[in-house]
Amino acid sequence: MNQPLESTATLLNRVAEGQDAARDELCRRFLPLLTRWAHGRLPAYARDLSETQDLVQTSLIQALKRIDNFEALREGAFLAYLRTILLNQIRMEIRRVTRRNKHGFSDADSEVTDPEASVMSEAIGLDVLERYEAALMTLTDKAREAVMRRVEFGYSFPEIAAATETPSANSARMLVSRSLIQLAEAMK
Amino acid sequence: MSRRKGPPDLRAKSILERLSGSSDALDELGEDSQDLAERLKEIEQLFVLHGGERPMADDEVERPTLFSWGHLQVLEPIGSGSFGEVFLAHDGILDRDVALKLLKTGEQRPFQSQLFLHEARQLAMVRHPNVLAVHGAAIHDARPGLWCDLIEGKTLSDSEAELASFQQADWLNLIESLVLGLQAVHDAGLLHGDVKPSNIMRDRNGQWVLMDFGASLDRQPDPGGLAMTTGTPLYMAPEGVMGQSPSTAADFYSLGATLYRMMSDQPVYAVKDWTELASLQERSTPIDWTVIEGSVSGPVSKLVRAMLAFEPAARPDAIEILAEIESTRTAPQRRFRSIAVAAVTGSLLLGLVFTGWGLVQANQARTEAEQEQRNTAAVNAFLQRLLSAPDDSGQVRDMTVEAMLDFAAGEVRKELDGQPEAQAAVHLALAESYEALSLSDETLEQARLGLAELEKIEPINTTLRPALELEIIAALESRGSTS
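Being a predicted model, the structure only gives us computed values, none of them experimental.

**Thoughts on the overall build of chain A**
Thinking step 1. Helix and strand content of chain A: 10 helices and 0 strands.
Thinking step 2. Along chain A, helices and strands appear, N-terminal first, in the series α-α-α-α-α-α-α-α-α-α.
Thinking step 3. Every one of the 188 residues in chain A was classed for burial, and the buried ones make up 39%.
Thinking step 4. For chain A, contacts bridging at least 24 residues in sequence account for 63% of all contacts bridging at least 6.

This is the structure in structure tokens:
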């Protein structure tokens, strides 16, 4: 990943000031990241019904519309915020598709046992996903952001260091390591 | 959150290594649980399902670069200090990550660049496993800097948990490594100038490495204007505090102060400022040794004491310290050898005593055996003469056993004159024979005669006497039962 010329925080400030170029740059930066993330969170049939990228774009636009209300302009906090919006969008999409299926528009071949099960929950089990989400909420903001970036978004440690305002990649590595232990403890 | 103490679960460590590149946090927390490993495994599965670490099309190109400095791609800051900044950088020529130390520049430092370069280049000539390897030094974009090995590990100041369980051998290894490192630096004509816990690192292979030659490369004018003061005050030798030029002995004082700090968790002098430190040093204030004597062995404590001597000349040099370490290491072997020699000598002495006693006993037994043999021979000879003696007509005598015994009894004194023990033995034999013939009076008489002969000798024969006494008792009983 090329080093951003401007930090996310700077871009967010510029978006808050109404600069369209900053908005485009933020979208360019986060779209691939969030698309990849959303891919695993959507049920297989839901991914057929709506382009994941569209869903992500919708979420991004929604988030940027509310940027004035977004006080913590740190990159880590912004990504956590985007993730929450995107999760809500995914849930809405699933409900919409489920309702439509109940009204007879379903394709018999795409019927699944649990219509709301994502690829992720089918692979690892809904129980694990729920315990992970619950445990994530027990962490401090910084620890939660570090874990999310590493586990869900595949950030490298220099990237995590920059996003979490940690002095170095080694410090970020330790932050992730400690946070993962706390997370694992909380998942029991 | 539950905390279970014990060695961390290897599986948990392995998963954490894969997820975060480090399991040090697990060591620090002392977590040990199969459950923890299971949860970490679930997190790892989530990591993989999310796509894992995002792939880079070309890792070398894609790594974020802050700026270039000469042939180095500067990747991220990893530390800073009064001297300047340290960065993680990639050396494209060596194709490896290195640490880049860039000196601060300013109007007050125009002369420093050349001094810095000169010493950095000398340091680059030092190649020792216990010294951070400096690869080169240069000035680029008006910033002097040097690049060196990137050490991943823990500094001594971050190793308190490990130090708590240090045994004498561990302390000796640590001291030896650092002294060897200092010796290599000194041999290159340089001083370290800033030995302290945060400048000593243990790499992933467990090797202690002296690093950060900040003080020697970043000398600043003393406010007094007369001397160059370098290093960290709490670990600085008295002569340095008082403004004198540093020497190799000052590095060993700093090493002593570093060890003192790590052994006691307190500095040699707990002071707040230079003035207080200088005042204590000038007065040669005694150091509190009690705080380290409880935590380390006598020989290690003695080494630290020697290094912290007030007078530089009184401090040991590298060779002396290394010799002392070797001596301490081999002391148990020497003690073992001494004990072994003592044990062998003792065994020999005991052996000699027992052998001597055995010889005495053997001699005594031999004497007794010889005496017994002589007695037997005398008795046999007596009986032979007795049986072969012709009667008055010159014919061999045809006589009853009783008559023969009576005859023998009459001949004992004459035949064995001067041999009381032999006479006693013959009297015993006669008593036993009479007893076999149920002649109790004769038995009693022979037994009494035998005891009488034994009374003449000293010491009393312990074999014949009880046998004769038994014959007397038997004869008396026999006589009592027949009367």
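Okay, back to it.
**A look at the overall build of chain B**
Thinking step 1. In terms of helices and strands, chain B carries 18 helices and 11 strands.
Thinking step 2. Considering chain B as a whole, with its 483 residues, one finds that 32% of them fall into the buried category.
Thinking step 3. Taking as baseline every contact in chain B between residues at least 6 positions apart, the subset at least 24 positions apart corresponds to 58%.

**Concerning the environment of I15 of chain B**
Residues and elements named next belong to chain B.
Thinking step 1. Mapped onto the elements, I15 comes out in helix α1 (residues 10-20).
Thinking step 2. Residues I15 and E38, 23 residues apart in the sequence, show an inter-C-alpha distance of 9.6 Å.
Thinking step 3. Every residue in contact with I15, bar those within four places of it in the chain, is listed here: A37, L40, K41 and E44.

**Examining the sheet that holds strand β3 (residues 84-91) of chain B**
Residue and element names in this part refer to chain B.
Thinking step 1. Strand order in this open sheet of 6 strands is β1-β2-β3-β4-β6-β5, and the pairing throughout is antiparallel. With one partner strand each, in any of the chains shown, β1 (67-69) and β5 (134-140) form the two edges of the open sheet. With direction set aside, neighbouring strand axes in the sheet form an average angle of 40°.
Thinking step 2. Sheet topology note: the strand β4 (residues 96-103)/strand β6 (residues 143-149) ladder contains 5 bridges and is antiparallel. Opposite A99, over in β6, you have C148 as the bridge partner.

**Description of the confidence of the model for chain A**
Do not read the fine detail of predicted coordinates wherever pLDDT is low.
Thinking step 1. For chain A, per-residue confidence averages 76 on the pLDDT scale, and residues scoring 70 or more make up 76% of the total.
Thinking step 2. Throughout residues 105-113 of chain A the model reports pLDDT below 50, and contacts reaching past four residues in sequence, or to other chains, amount to 7 contacts.

**What to know about the pairing of strand β2 (residues 72-80) of chain B**
Residue and element names in this part refer to chain B.
Thinking step 1. One ladder, built from 3 bridges, connects β1 with β2; its direction is antiparallel. Within β2, the residue paired with S68 across the bridge is Q73.
Thinking step 2. If you look at the hairpin formed by β1 and β2, you'll find 2 residues sitting between the two strands, and G70 has a positive phi there, around 60°.
Thinking step 3. One ladder, built from 7 bridges, connects β2 with β3; its direction is antiparallel. If you follow Q73 over to β3, its bridge partner there is H90.

**A few points about the environment of D141 of chain A**
Residue and element names in this part refer to chain A.
Thinking step 1. By the element assignment, D141 lies in helix α8 (residues 141-152).
Thinking step 2. The class for D141 is partly exposed, based on 13 C-beta atoms found within 10 Å.
Thinking step 3. Residues D141 and A77 lie 64 residues apart in sequence; the distance between their C-alpha atoms is 7.9 Å.

**Quick word on the pairing of β5 of chain B**
All names here are of chain B.
Thinking step 1. Note that β5 and β6 share 6 bridges and pair antiparallel. Along β6, the bridge assignment pairs V134 with C148.
Thinking step 2. Hairpin geometry of β5 and β6 is characterised by an intervening segment of 2 residues between the two adjacent antiparallel strands and by a positive phi of about 50° at D141.

**Some points on the interface of chain A and chain B**
Thinking step 1. Listed by partner, the interface residues are 34 residues for chain A and 36 residues for chain B.
Thinking step 2. Going through the elements one at a time, α2 (20-41), α6 (119-124), α7 (126-136), α8, α9 (157-163) and α10 (169-186) of chain A are the ones with two or more residues in the side of chain A that touches chain B.
Thinking step 3. The greatest single-element share of the side of chain A that touches chain B, amounting to 12 residues, is contributed by α10 of chain A.
Thinking step 4. For the side of chain A that touches chain B, a count of residues per class yields 19 nonpolar, 8 polar and 7 charged.

**A short note on the nonpolar core**
Thinking step 1. Within the largest apolar cluster, 121 residues are counted, with the highest numbers of intra-cluster contacts made by L180 of chain A together with L40, L100 and L178 of chain B.
Thinking step 2. Excluding residues within four positions of it along the chain, L40 of chain B makes contact with L180 and A184 of chain A together with A12, I15 and L16 of chain B.
Thinking step 3. Counting 17 residues, the second largest nonpolar core, distinct from the first, contains A425, Y434, L454 and A475 of chain B.

**What about the sheet that holds strand β7 (residues 153-155) of chain B?**
Residues and elements named next belong to chain B.
Thinking step 1. Strands sit in the order β7-β8-β9 across an open sheet of 3 strands; the sheet is antiparallel. Every interior strand has two partners, whereas the edge strands, β7 and β9 (208-210), have only one. Here the average twist between neighbouring strands, direction ignored, is 30°.
Thinking step 2. The pairing of strand β8 (residues 200-203) with β9 spans 3 bridges and is antiparallel. Along β9, the bridge assignment pairs R202 with W208.

**A short note on unusual backbone geometry**
Thinking step 1. Its identity as a non-glycine residue notwithstanding, D141 of chain B has a phi of 50°, on the positive side.
Thinking step 2. With respect to the element layout, D141 of chain B can be found in the loop between β5 and β6.

**Quick word on the environment of I319 of chain B**
Residue and element names in this part refer to chain B.
Thinking step 1. Counting through the fold element by element, I319 comes out in helix α14 (residues 318-388).
Thinking step 2. Residue I319 is classed as exposed on the basis of its 10 C-beta neighbours within 10 Å.
Thinking step 3. Put simply, I319 and L180 are 139 residues apart on the chain and 9.2 Å apart in space, counted from C-alpha to C-alpha.

**Some words on helix α4 (residues 52-65) of chain A**
For an α-helix, the turn length of 3.6 residues means that residues three or four places apart are oriented alike.
Residues and elements named next belong to chain A.
Thinking step 1. Here α4 spans 20 Å end to end across 14 residues, near enough to the 20 Å set by a 1.5 Å rise per residue.
Thinking step 2. Residues of α4 that are buried: T52, L55, V56, S59, A63 and L64. The buried residues of α4 occupy an angular sector of 165° when the element is viewed end-on, so they sit on one face. Turned more than 90 degrees away from the buried face of α4 sit D54, I61 and K65, all of them exposed.

**What about helix α7 (residues 168-187) of chain B?**
Residue and element names in this part refer to chain B.
Thinking step 1. With 20 residues, α7 should cover 28 Å at 1.5 Å per step; its first-to-last C-alpha distance of 28 Å lies within 8% of that length.
Thinking step 2. Taken as a whole, α7 has its buried residues at W171, L172, L174, I175, S177, L178, V179, G181, L182, Q183 and V185.
Thinking step 3. Where α7 terminates, the next one or two residues include G189, which has phi positive at roughly 80°.

**Section: the packing of α8 of chain A against α10 of chain A**
Residue and element names in this part refer to chain A.
Thinking step 1. Relative to each other, α8 and α10 sit at 95°, their axes nearing to 9 Å. For the element pair α8 / α10, the angle class is roughly perpendicular. Here A143, A146, V147 and R150 of α8 come into contact with α10, specifically with A172, L175, V176, S179, L180, Q182 and L183.
Thinking step 2. Of the residues in the contact of α8 with α10, the class split is 8 nonpolar, 2 polar and 1 charged.

**A short note on the confidence of the model for chain B**
Residues and elements named next belong to chain B.
Thinking step 1. Looking at chain B, pLDDT values average 76 and 73% of them are 70 or higher.
Thinking step 2. Per-element mean pLDDT across chain B ranges from 40 in strand β11 (residues 228-229) up to 92 in helix α10 (residues 248-264).
Thinking step 3. Across residues 57-61 the pLDDT falls below 50, and counting only partners more than four positions away or on other chains, this stretch makes 1 contact in the model.

**Details of the packing of α1 of chain B against helix α3 (residues 34-49) of chain B**
Residue and element names in this part refer to chain B.
Thinking step 1. At their nearest, the axes of α1 and α3 sit 9 Å apart, and the two run at 25° to each other. One element, α1, and the other, α3, form an angle in the roughly parallel class. Note that α1 runs across α3; the crossing there is left-handed. Here R11, A12, I15, L16, R18 and L19 of α1 come into contact with α3, specifically with L36, A37, L40, K41, I43, E44 and F47.
Thinking step 2. Split into classes, the residues belonging to the contact of α1 with α3 amount to 9 nonpolar, no polar and 4 charged.

Cut-off values and rules
Residues numbered from 1 in each chain as written. Chains lettered and ligands numbered in written order. Predicted model: local features only at pLDDT ≥ 70, side-chain atom pairs only at ≥ 80, totals over all residues. Helix = DSSP H or I, 4+ residues; strand = E, 2+ residues; numbered from the N terminus. Buried ≥ 20, exposed ≤ 12 C-beta atoms within 10 Å, placed from the backbone. Contact = placed C-beta atoms within 7 Å. Pairing = 2+ DSSP bridges. Axes fitted to C-alpha atoms, helices over the stretch in contact; angles between N-to-C directions. pLDDT = per-residue confidence, 0-100. Nonpolar A, V, L, I, M, F, W, Y, C, P; charged D, E, K, R; others polar. Core = buried A, V, L, I, M, F, W, Y, C linked by C-beta atoms within 7 Å. Expected span 1.5 Å × (residues − 1). Arc of directions from axis to C-beta. Parallel < 35°, antiparallel > 145°, perpendicular 65-115°, else oblique. Left-handed = near helix turned anticlockwise from the far one by under 90°.

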